[in-house]
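Architecture and fold: a report
Residue strings, one per chain:
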Amino acid sequence: MKVLLVEDEKKSAAFIGKGLREHGFVVDVAGSGDDGLALACMGEYDILVLDVMLPGRDGWSVLTELRQKGIQVPTLFLTARDGVNDRVKGLELGADDYLPKPFAFTELLARMRTILRRGPVRRSNLVKVGDLELEPSRMSAVRAGVRLDLTPKEFVLLHLMARRQGEVLSRPYIAEQVWDMNFDGESNVVDVHIRRLRTKVDDPFPRRLIHTVRGVGYVLDDRP
Ligand code: CA
């Protein structure tokens, strides 16, 4: 899942970004309200984590602009202020939740998961490939009625392939999308994860969904 974090305090942004990546999220960071707004308008984010106090355009203004443009990305506000008025203001502007600083990372993660679970945007994002069904809001993968036990990274990888079903995805593309890393050609991280994924997604079932395209990459496809 893709997160846009808008936070001008570098230390805080680095800490939150690292934690979220470790939990399987792909994270983009913006250091100002204007940058955040521009990214949010372009990118397809599953959730926005938005600091209120930002240089230039503040968090309220970012959210107001987004909603005016019809962009309904679920949003969690971060703020030093804990006043009831601020909370109400955030929710009235269309934020999904509000987390006063300082907060524990686990608390942020729990709030984000709650938002992602209930978000109307997410609920409609069920992805199907043959008898495989992925529901990102619950990190749920079910094949032929059997729940698959995937790690967050495996889920992200499978979800990427499912959204792009039928398209051959190159290793560099997968590495960038799932691990946020530049693929150096030496790393076998993609192959290792595909192998693990196959033991869960394909091995127990008669029909294979994950196919190797030699010299190119991988494709998820329900084809004979
Ligand atoms: Ca700030």
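To start, this report covers the structure provided alongside it. Bear in mind the structure is a predicted one, so any value in this text is a computation, not a measurement.

**Quick look at the overall build of the protein chain**
From N to C terminus, the protein chain includes 9 helices and 12 strands. Looking at the protein chain as a whole, 46% of its 224 residues are labelled buried. When contacts within the protein chain are restricted to residue pairs at least 6 apart in sequence, those whose partners lie at least 24 apart make up 55%. Only carbon and sulfur atoms are counted for the fraction: they give 51% of the accessible area of the protein chain, which is about 11,100 Å².

**Re the packing of aromatic side chains**
The full count for this structure, using the stated rule, is 2 aromatic pairs. Look at Phe15 and Phe105: their rings are 6.2 Å apart centre to centre, the planes differ by 80 degrees, and that puts the pair in the edge-to-face class. One end of the pair, Phe15, is in helix α1 (residues 10-22); the other, Phe105, is in helix α5 (residues 105-118), with 90 residues separating them in the sequence. Phe15 gets classed as exposed once you look at its relative accessible area, which sits at 51%.

**Topic: the pairing of strand β8 (residues 140-143)**
Sheet topology places strand β7 (residues 132-135) next to β8; 4 bridges connect them, and they run antiparallel. By the bridge assignment for β8, Glu133 is matched with Val142.

**Describing helix α3 (residues 59-68)**
Along α3, the residues classified as buried are Gly59, Trp60, Val62, Leu63, Leu66 and Arg67. Angularly, the buried residues of α3 cover 165 degrees about the axis, an arc narrow enough to put them on a single face. By the N-cap criterion, in which a side-chain oxygen at the helix start approaches the backbone nitrogen of a residue two or three places on, α3 is capped by Asp58, the distance to Trp60 being 3.2 Å. Looking one or two residues beyond α3, the residue adopting positive phi is Gly70, at roughly 80 degrees.

**Some thoughts on the sheet that holds strand β3 (residues 47-51)**
One open sheet holds the 5 strands; their spatial order is β2-β1-β3-β4-β5, and the pairing between them is parallel. Each edge of the sheet is formed by a strand with only one pairing partner; in this case those strands are β2 (26-30) and β5 (97-100). Within the sheet, the average angular offset between the axes of one strand and its neighbour, ignoring direction, is 20 degrees. Alignment of β3 against strand β4 (residues 75-79), held across 4 bridges, turns out to be parallel. The residue of β4 that forms the bridge with Asp51 is Leu78.

**Overview of the side chain of His193**
Along the chain, His193 turns up in helix α9 (residues 189-201). Within the structure, His193 has its side chain in polar contact with the backbone oxygen of Val189 (distance 3.1 Å). When residues no more than four places from it in sequence are discounted, the contact partners of His193 are Lys153, Leu157 and Trp179.

**Quick notes on the nonpolar core**
With 29 residues, the main nonpolar core has Leu134, Leu157, Leu158, Met161, Ile174, Val190 and Leu220 as its most contacted residues. Taken together, the elements giving at least two residues each to this core come down to β6 (127-129), β7, α7 (152-163), α8 (171-179), α9 and β12 (217-220). It is α7 that contributes the most residues to this core, 7 residues altogether. Here Leu220 is in contact with Val129, Leu132, Leu158, Met161, Ala162, Gln165, Gly166, Leu209 and Ile210, once residues within four sequence places are set aside.

Calculation notes
Residues numbered from 1 in each chain as written. Predicted model: local features only at pLDDT ≥ 70, side-chain atom pairs only at ≥ 80, totals over all residues. Heavy atoms only, no water. Helix = DSSP H or I, 4+ residues; strand = E, 2+ residues; numbered from the N terminus. Buried < 20%, exposed > 50% of the residue type's maximum accessible area, 1.4 Å probe, protein only. Contact = heavy atoms within 4.5 Å. Areas by Shrake-Rupley, 256 points an atom, 1.4 Å probe, with all protein chains shown as cover. Phe/Tyr/Trp six-rings, centres within 6.5 Å; stacked < 30°, edge-to-face > 60°. Pairing = 2+ DSSP bridges. Arc of directions from axis to C-beta. Polar contact = N/O pair within 3.5 Å; in protein donor to acceptor, adjacent residues only side chain to side chain. Axes fitted to C-alpha atoms, helices over the stretch in contact; angles between N-to-C directions. Core = buried A, V, L, I, M, F, W, Y, C linked by side-chain atoms within 4.5 Å.

Just geometry here; none of it tells us what the structure is for.
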